[in-house]
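What follows is each chain in one-letter form.
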Amino acid sequence: MRLRQGIVAQSIFFTAAAIVALSTAALLLFTGSRGLAVFGYMNPAEFFLSGSWNQNDENFGVLPLLAGSLLTVGLALLISGPLALGVSIFMVEIAPEPVRRVMRTVVELFAALPSVIYGLLGLTLVVPWVRESFGGGLGKGILAASIVLVFMTQPTIVSIAEDALRALPESLREGALAVGATRWQMIWRVLLPAARPGLITAVVLGTGRAVGETIAVQMVIGNITSRMPKSLLTGATTMPAAIVTQLPEATSPEHRAALIMVAFLLLVITFSLIAAVRAAGSRGKARPTTRRRPSPAAQTAAVKGGD
Amino acid sequence: MDASTPSATTMTVKDTSLFYGGFRAVKDINLHFRPHAVTAIIGSSGCGKSTMLRSLNRINDRVNGFRVEGTISLGDQDVYAPTTDVVDLRRRVGMVFQRPNPFPMSIFDNVAFGLTLYAPPKRADLEMMVETALRASALWGEVKDKLRRPATELSGGQQQRLCIARAIATRPDVLLMDEPCSALDPISTLKVEELIAELKRSYTVVIVTHNMQQAARASDVTVMMNMDEADRAGHVIEVGATDDIFTNPQHPQTEAYVSGRFG
Ligand SMILES: Nc1ncnc2c1ncn2[C@@H]1O[C@H](COP(=O)(O)OP(=O)(O)O)[C@@H](O)[C@H]1O
Ligand SMILES: [Mg+2]
């Protein structure tokens, strides 16, 4: 009976794993082959090096999209990463338990908000603010999109970073304090280095969220593909925003192929980020002191000096 | 250099009770930890030895609801006075924990950690101070060729001696050890014990131990604690020169404990 259950469970897991692996391969194969068809219409140099993406004169240079993505995500992470690390340090090391619980709930709420709500808030709050504070233009652009992404990436980064910090054993904290470290020295010099693999994972997954974000960005970035982004304040686009904006009205085969090629690049970028996370994670596992903090019961036992 | 030379200092505990919330874990303690001597605290599990020790450097401040009544002093400084700088206190009262807790950084950086927190010394001085601490903790010979390797690659016994090096590198006045050998094999234990005997030349050493032979071998003064069955609070049963406690205990509970009949 038990053996049968084992076999059934095993074959379910095996099938599930096979489906995931196959669909991933199919996805890459599909977008890859359909996307690469673009090089039947234009040469790769043109696609990768032209600074204009203009469907009217059938010129598809990916650089404005890539640059838009890079700037938007880079700027967002520049703010979001340190902010989220600060928030998670506050939650784990400083905030009293009730405050931490409230913050945890807020983080979960932020995580559950649909993209379109972020886009709406961006459109009604961020875009007018950018327009009024920095003057000129519509307010739609890379800066507005980055600000929206700062909020969208917080829950991802905060929750993973918080877990990473919380998983550090109490003995590390006591060890640092016992030689006369202040709380900040303990955090900076011991806890953050010890949690580094987890913190890197947090930021990389946040990056993944930002790179792939579509609707919210599309609503506030202005969707200008025809030229390289000129400033943080004028209209631009990102890879996913361009796809979602143009695919429905892409009638020519080369336009479609070009957009699918962009999707393929997006997949490659996302998979690379996941690979980076795995690399950071396995480095973390090699370190015995970054094991999980023991349960409260085990902690009491440790304080008591269990025998 | 003179300012950082340890000045083994007396710690005094007067009419002290220690609480976790409403629970009095330890009561009515009066103790005197002598400089240049090793004081061992023995007693059965749960009688408050760790609580006592962890109140001396205020590391137990981290425990929610922990509270002290009475007076604990380091020299003539009141440890729990509102004006006391806790960080400075901990620099003067070092601690080695039950389980080795090296930081996930290099062997060198572990020992240098406390030295670089304030007014970091010049590189050459730092290297010398690290070497001195590692020699004092009998680890230098084993690690001198791999100071840049992660501390976590060391064996458990080496890690514990590294933690001792880390604690003495800043030359504290008092060194507290909470069952420092309980996670170690017998050979490492012997090494750490020899080390403790060596350390008392410079420090006031207080060690909690479960191991009777260890108390007998390594300490000058022994404090016997036990739990009062009436209110489950730990208290001191007997204090004396270690030889007397082990050969001629005054209190029947001490006698029973040191002869291994309970505990
Ligand atoms: N963090 C804590 N919170 C609440 N009670 C504690 C805590 N640590 C220890 N105690 C209690 O205090 C008493 C003394 O514990 P402890 O000092 O660890 O004893 P020992 O080190 O002698 O084994 C025990 O009853 C224990 O349950
Ligand atoms: Mg204990």
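Residues numbered from 1 in each chain as written. Chains lettered and ligands numbered in written order. Predicted model: local features only at pLDDT ≥ 70, side-chain atom pairs only at ≥ 80, totals over all residues. Heavy atoms only, no water.

## Section: the overall build of chain B
Rule in force here: Elements are defined by DSSP. Helices are runs of H or I of four residues or more, strands are runs of E of two residues or more, and each kind is numbered from the N terminus. To sort residues, take the accessible area from a 1.4 Å probe on protein chains only and compare it with the maximum for the residue type: under 20% means buried, over 50% means exposed, and anything in between is partly exposed. Only heavy atoms matter for contacts: two residues are in contact if any of them lie within 4.5 Å across the pair. Note on areas: Shrake-Rupley, 1.4 Å probe, and residue coverage restricted to the protein chains presented here. Neither His nor the chain termini are counted; the positive set is Lys and Arg, and the negative set is Asp and Glu. To locate a charge, the coordinates of NZ of Lys, CZ of Arg, CG of Asp or CD of Glu are taken.
Tallying secondary structure elements over chain B gives ten helices and ten strands in all. Seen through its C-alpha atoms, chain B measures out along the principal axes to roughly 55 × 45 × 30 Å. The buried share among the 263 residues of chain B stands at 55%. In chain B, the proportion of contacts linking residues at least 24 apart, taken out of those at least 6 apart, comes to 66%. Accessible surface computed for chain B: about 11,100 Å², of which carbon and sulfur atoms make up 49%. Taken together, the 29 basic and 31 acidic charged side chains of chain B have centroids lying 5 Å from each other.

## Here's the deal with the pattern of salt bridges
All names here are of chain A. Under the convention used in this document: By convention in these notes, a salt bridge is any Lys or Arg side-chain nitrogen within 4 Å of a carboxyl oxygen on Asp or Glu.
With the rule as written, the count across this model stands at 27 salt bridges over all chains. The shortest N-O distance in the salt bridge between Glu 170 and Arg 173 comes to 3.7 Å. With Glu 170 and Arg 173 both in helix α7 (residues 170–178) and three residues apart, the pair spans about one turn of that helix. Using a relative accessible area of 17% as the deciding quantity, one classes Glu 170 as buried. For Arg 173, a relative accessible area of 0% puts it in the buried group. Through salt bridges that share partners, Glu 97, Arg 100, Arg 101, Arg 104, Glu 108, Glu 162, Asp 163 and Arg 166 make up one connected network.

## Considerations on the nonpolar core
The test is simple: Working definition of a nonpolar core: buried Ala, Val, Leu, Ile, Met, Phe, Trp, Tyr and Cys residues. They are joined through side-chain atoms within 4.5 Å.
Judged by nonpolar contacts, the single largest core of 106 residues is most densely connected at Phe47(A), Met11(B), Leu56(B) and Phe113(B). Per-element accounting of this core gives the leading share, 14 residues, to helix α6 (residues 142–166) of chain A. Once you skip the residues sitting within four places of it in the chain, Met11(B) turns out to touch Leu31(B), His32(B), Phe33(B), Leu56(B), Ile72(B), Ser73(B), Leu74(B), Val79(B), Val93(B) and Val174(B). Among the nonpolar cores identified, the runner-up in size contains 43 residues, and Ile42(B), Val111(B), Leu195(B) and Leu199(B) belong to it.

## Notes on the interface of chain A and chain B
For an interface, size is often stated in terms of accessible area lost upon the parts coming together. The condition is simple: As used here, buried area is the combined drop in accessible area, with a 1.4 Å probe, of two parts when they are placed together. The definition of a polar contact used here is a pair of N or O atoms within 3.5 Å, where within protein one atom must be able to donate a hydrogen and the other to accept one, and adjacent residues in sequence count solely through side-chain atom pairs.
Contact residues are listed per partner, giving 26 residues for chain A and 29 residues for chain B. In this assembly, chain A packs against chain B so that about 2,400 Å² is buried in total across both faces, 57% of it on carbon and sulfur atoms. Linking chain A with chain B are two salt bridges, by the criterion used here. In this structure, Glu170(A) engages Arg62(B) in a salt bridge whose closest nitrogen and oxygen atoms are separated by 2.9 Å. Linking chain A to chain B there are six residue pairs in polar contact (both at pLDDT 80 or more). Of all the secondary-structure elements, those providing two or more residues to the side of chain A that touches chain B are α7, α8 (183–194) and α13 (296–304) of chain A. Ranked by the residues each element gives to the side of chain A that touches chain B, the list is headed by α7(A), at nine residues.

## With respect to helix α11 (residues 239–246) of chain A
All names here are of chain A. Of all eight residues that make up α11, six are buried, and the element is covered over most of its length. Residues Met 239, Pro 240, Ala 241, Ala 242, Ile 243 and Gln 246 constitute the buried set of α11. If you check the start of α11, you find a side-chain oxygen 3.3 Å away from the backbone N of Ala 241, and it comes from Thr 238.

## Structural notes on the packing of aromatic side chains
Threshold: Pairing of aromatic rings covers Phe, Tyr and the six-membered ring of Trp, with a centre-to-centre limit of 6.5 Å; geometry is then stacked below 30 degrees between planes, edge-to-face above 60, and tilted otherwise. The criterion for a charge sitting over a ring is simple: Lys NZ or Arg CZ within 6 Å of the ring centre, and within 35 degrees of the ring normal.
One pass over the full model with this rule turns up seven aromatic pairs over all chains. An aromatic cluster is defined as three or more aromatic residues linked by ring pairs; in this entry it consists of Phe39(A), Phe47(A) and Phe48(A). In this arrangement the basic side chain of Arg148(B) is found over the ring face of Phe108(B), its NZ or CZ atom lying 4.7 Å from the centre. Here Arg166(B) stacks its cationic end above the ring of Phe103(B), 4.0 Å away from the centre of that ring.

## What to know about the confidence of the model for chain A
Stated formally: Confidence of the prediction at every residue is given by pLDDT, a number between 0 and 100.
Averaged over chain A, the pLDDT score is 88; the fraction of residues at 70 or greater is 90%. Between residues 285–307 of chain A, whose pLDDT stays under 50, and residues either more than four places distant or in other chains, the model counts 34 contacts.

## Some details on the environment of Arg183(A)
All names here are of chain A. Counting through the fold element by element, Arg 183 comes out in helix α8. Since its relative accessible area comes to 42%, Arg 183 is described here as partly exposed. Linking Arg 183 and Arg 173, residues ten residues apart in sequence, is a C-alpha distance of 8.8 Å. Leaving out residues up to four positions away in the same chain, Arg 183 has contacts with Glu 93, Ile 94 and Leu 177.

## Some points on the side chain of Asn226(B)
All names here are of chain B. Looking at where Asn 226 falls in the secondary structure, it is placed in strand β9 (residues 221–227). We classify Asn 226 as buried; its relative accessible area is 7%. A polar atom in the side chain of Asn 226 sits 3.3 Å from the side chain of Ser 44.

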